[in-house]
Amino acid sequence: MRSAAAYVSILLLGWTCLPGQTSQAQTLFTDVTLSTLGNVTHTGSANTDIRIGTGAAWFDYDRDGDLDLYMTNRVGGNHLWRNDGGGVFVDVAAAVGGADASHDGSGVAVADYDNDGDLDIYLANSDGDVLLKNQLTETGTATFIDVTATAFPGITTPQRGTSASWGDYDKDGYLDLYVTNHKPIDGTGAGSQDRLFHNNGNGTFTDVSYLLGLENLGGYGFIASWTDYDNDGDLDIFLINDCPFGPVGTKLFRNDGGTDPLAWTFTEVSATVGAADCRNGMGIAVGDYDRNGWRDYFYTNIGSPLLLHNNGGTFTDVTAAAGLDYGVVPETGKDRVTWGTIFFDYDLDGFPDLCIAAGTLKPDGTADTDPQPNLLYHNNGNGTFTDVSASSGIDDTGRGRTIVMGDYDNDGDPDLFLVDYGGQVHLFRNDVANTTGHHWLIVDLRGAGPPLSNRDGIGAKIKLTTPDGVVQYWETRSGDSLGGGSDLAAYFGLNTNTLVSQVEVTWLSGTVQTLTNLAADQRITIVEQALAPPVITVTSPSGGEIWIKGTTQTIAWTDNISGNVKFRL
């Protein structure tokens, strides 16, 4: 699709981040759970066939300008903590219709699926999924109603959900949905097939899983990421499966387009691009860790993980070279068991770092015999990472599963929320970024809606340039971590730059917008602008002339088209 320049509207939310007074020797993150959320425990299940089923997501459900937090439970109601500022959170899940207490909770993904201006919730449960529609736009009050039956008519989802993610594969401005499913709970006979749903644009969805080949969807899925791995302008799907525990390995579905969304073309290309793999894949992190404009992919495992460097649409395993081949816990010699993972720039130096949740599969009370501390790796900026877990403050040895990031206290740096299966949850406040003297920019996107981009701008690419010549890239997504999702915004560390030279947004619609000379240390919203329809005005000849075959004539015109213009005579 032709890209066209357009003007841009921005909303500036003006807070300023001042350097703190703390020392670099301090721990990087501080556990503030008790003072913010209280003493909260994830409730696991009495069913012990496999200890999975966690979810969490950062999002501003009430549009009051700060991030709220959702967390699932396997038994009892889920949590929705409203952020009242100043480190105060109030659990309002039951009061606003968001608790879903009757289901066995697992993954959660948030997005504005109906483009009405508020964020809705999809719950990938272990015994039947649920879509909760936010009523804020309709009623003026942020409450939720269960619209599952009407949104998915005639469709049941008894499989054991693990994660869900939103993306627009046909670029019609409506978000489609991928749901990963794992080994069914014993005795249910529910199967493990993943589901791909097309958003029909009228509040309903159609199951189009067949587009991916049902033979590819019967694995034990943990997470699928919508991502444009080949930079061709549409969203592909990178699926992480638990293999060989399940029968299917990693899959990469290249989006080859079409005209009918129910007959769209996807091609499974993992083997041909160097992404085919069979290991106990649990979580995937997507990010351009070397800032070359191509998204790289890291995914977790029991034992050694895998870092795939993107060489322009094909991949090379650089795990060992990057210093990430952490296969065993040094203190015990046992295999590391790692789960949710995200790229994020915790120290705002301009390079994406890597956070990894870890946790044993063993029952309660066995952490002492199989300690699995969470991991934090600092990006050295030269293609390698350094393990800083010991000083991170996040290296607890509970049964870590879901890890998501967001700036809950509006100070410009990313904080972390971690769910330990059947154990304490943790809110980790970032206390190091503001001691470095580094600056930041957070970018929210607001799509124009159909026929242009979805309201959340999911699938857009952001290119940021600073005066020192550094260029960074971000791809927006919903459902970026096992079972959950980080804030939908793009988070950029600017190092010592106090100015951003340029921000370029390439929307999924193909529209390109550019902002220049932005001050650092602010959160901005970029609004997609609808393009004017193409207009061509012929100024010469004026009409009525007779042209003789074989002669040369001149045509002059004006237009508002940035590409080539063709005339047919």
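Residues numbered from 1 in each chain as written. Predicted model: local features only at pLDDT ≥ 70, side-chain atom pairs only at ≥ 80, totals over all residues. Heavy atoms only, no water.

**Student:** Could you clarify how one ought to interpret the sheet that holds strand β21 (residues 296–299) in this entry?
**Tutor:** Two strands in a sheet stick together by hydrogen bonds in their backbones, pointing the same way (parallel) or opposite ways (antiparallel). Spatial ordering of the open sheet is given by β20-β21-β22-β23, a layout of four strands whose pairing is antiparallel. Both edges of this open sheet fall to β20 (284–287) and β23 (315–317), since each of them pairs with a single strand only. When the angles between neighbouring strand axes are averaged without regard to direction, this sheet yields 20°. Of the pairings in the sheet, the one linking β21 to strand β22 (residues 306–310) comprises three bridges and is antiparallel in character. Bridge pairing in β22 links Y299 to L306. (Pairing = 2+ DSSP bridges. Helix = DSSP H or I, 4+ residues; strand = E, 2+ residues; numbered from the N terminus. Axes fitted to C-alpha atoms, helices over the stretch in contact; angles between N-to-C directions.)

**Student:** How should I be thinking about the pattern of salt bridges in this particular structure?
**Tutor:** Note on pairing: side chains with opposite charge can pair once their charged atoms come close. This structure, assessed with the given rule, holds 14 salt bridges. Between R82 and D84 there is a salt bridge whose closest N-O contact spans 2.8 Å. Residue classification places D84 among the partly exposed residues on the basis of a relative accessible area of 39%. Here D431 and R429 are joined by a salt bridge, their closest N and O atoms 2.8 Å apart. The exposure class assigned to R429 is partly exposed, which follows from its relative accessible area of 28%. Look at the salt bridges and you will find they share partners, linking D114, D116, K133 and E138 into a network. (Salt bridge = Lys/Arg side-chain N within 4 Å of Asp/Glu carboxyl O. Buried < 20%, exposed > 50% of the residue type's maximum accessible area, 1.4 Å probe, protein only.)

**Student:** Where do I start with a nonpolar patch on the surface in this structure?
**Tutor:** A grouping of Y210, L214 and L262 is seen on the molecular surface, where their side chains present a nonpolar patch of about 290 Å² in accessible area. Along the polypeptide, L262 turns up in the loop between β18 (251–257) and β19 (265–268). (Patch = residues over 30% accessible without salt bridge, like charges linked within 9 Å, V, L, I, M, F, W, Y side chains within 5 Å. Areas by Shrake-Rupley, 256 points an atom, 1.4 Å probe, with all protein chains shown as cover.)

**Student:** Explain unusual backbone geometry to me, please; I cannot follow it from the model alone.
**Tutor:** Glycine aside, negative phi is the norm for most residues, and most peptide bonds take the trans geometry. For the bond from C243 to P244, the omega torsion is 10°, close enough to zero to count as cis. Along the chain, the position of P244 falls in the loop between β17 (236–241) and β18. Residue P451 is bonded to the preceding P450 through a cis peptide linkage, with omega at 10°. The backbone phi angle of R63 is positive, close to 55°, even though this residue is not glycine. When you line up the elements, R63 lands in the loop between β4 (56–59) and β5 (68–71). The exposure class of R63 is partly exposed, given its relative accessible area of 45%. Even without a glycine there, the phi angle at N115 is positive, about 55°. With respect to the helices and strands, N115 occurs in the loop between β8 (107–111) and β9 (120–124). According to the relative accessible area criterion, N115 is buried, its value standing at 18%.

**Student:** Is there a simple way to explain the side chain of S209 in this structure?
**Tutor:** Mapped onto the fold, S209 is located in the loop between β15 (205–207) and β16 (221–227). Within the structure, the side chain of S209 is placed 3.0 Å from the backbone nitrogen of L196, a separation counted as a polar contact. Once residues lying within four places of it in the same chain are set aside, the contact partners of S209 are Q193, D194, R195, L196, L214 and L217. (Polar contact = N/O pair within 3.5 Å; in protein donor to acceptor, adjacent residues only side chain to side chain. Contact = heavy atoms within 4.5 Å.)

**Student:** Explain the sheet that holds β18 to me, please; I cannot follow it from the model alone.
**Tutor:** The strand order across the open sheet formed by four strands is β16-β17-β18-β19, and the pairing between neighbours is antiparallel. Edge strands, defined here as strands with exactly one partner in the open sheet, are β16 and β19. Adjacent strand axes in the sheet meet at a mean angle of 20° when their direction is disregarded. Sheet analysis places β16 next to β17, joined by six bridges and oriented antiparallel. Its bridge partner being in β17, I223 is matched across the sheet by I240.

**Student:** I'm lost on the packing of aromatic side chains in this one. Help?
**Tutor:** The geometry of an aromatic ring pair comes down to the distance between the two centres and the angle between the two planes. For the structure shown, the criterion picks out 26 aromatic pairs. Between Y229 and F315, the ring centres sit 6.0 Å apart and the planes meet at 35°, which makes this aromatic pair tilted. With Y229 in the loop between β16 and β17 and F315 in strand β23, the pair connects residues that are 86 residues apart, well separated along the chain. By the burial criterion, Y229 is buried, and F315 matches it. Feature note: the residues Y113, Y122, F152, W166, F197 and F205 constitute an aromatic cluster, connected by ring pairs. The residue whose ring lies beneath R291 is F351, and the NZ or CZ to ring-centre distance is 3.6 Å. Cation over ring: R401 sits above W339, and NZ or CZ is 4.0 Å from the ring centre. (Phe/Tyr/Trp six-rings, centres within 6.5 Å; stacked < 30°, edge-to-face > 60°. Lys NZ or Arg CZ within 6 Å of the ring centre and 35° of its normal.)

**Student:** Hey, could you run me through the layout of surface pockets in this one?
**Tutor:** Once rolled over the atoms, a probe with the size of a water molecule shows which space is left empty. Each pocket or cavity is described by its volume, and for the largest pocket that value is around 590 Å³. D60, R63, D444, R446 and T525 are the residues nearest the centre of the largest pocket, which is lined by 24 residues in total. Counting residues per element, the lining of the largest pocket draws most heavily on strand β31 (residues 439–446), at three residues. Domain assignment of the residues forming the lining of the largest pocket places at least three in each of domain 1 (29–430) and domain 2 (439–527). (1 Å grid on protein atoms, 1.4 Å probe; cavity = no way out; pocket = protein on both sides within 12 Å on 5 of 7 lines; lining within 4 Å. Points joined across faces, edges and corners; volume = space filled by probe spheres on them. Domains from an automatic or database assignment.)

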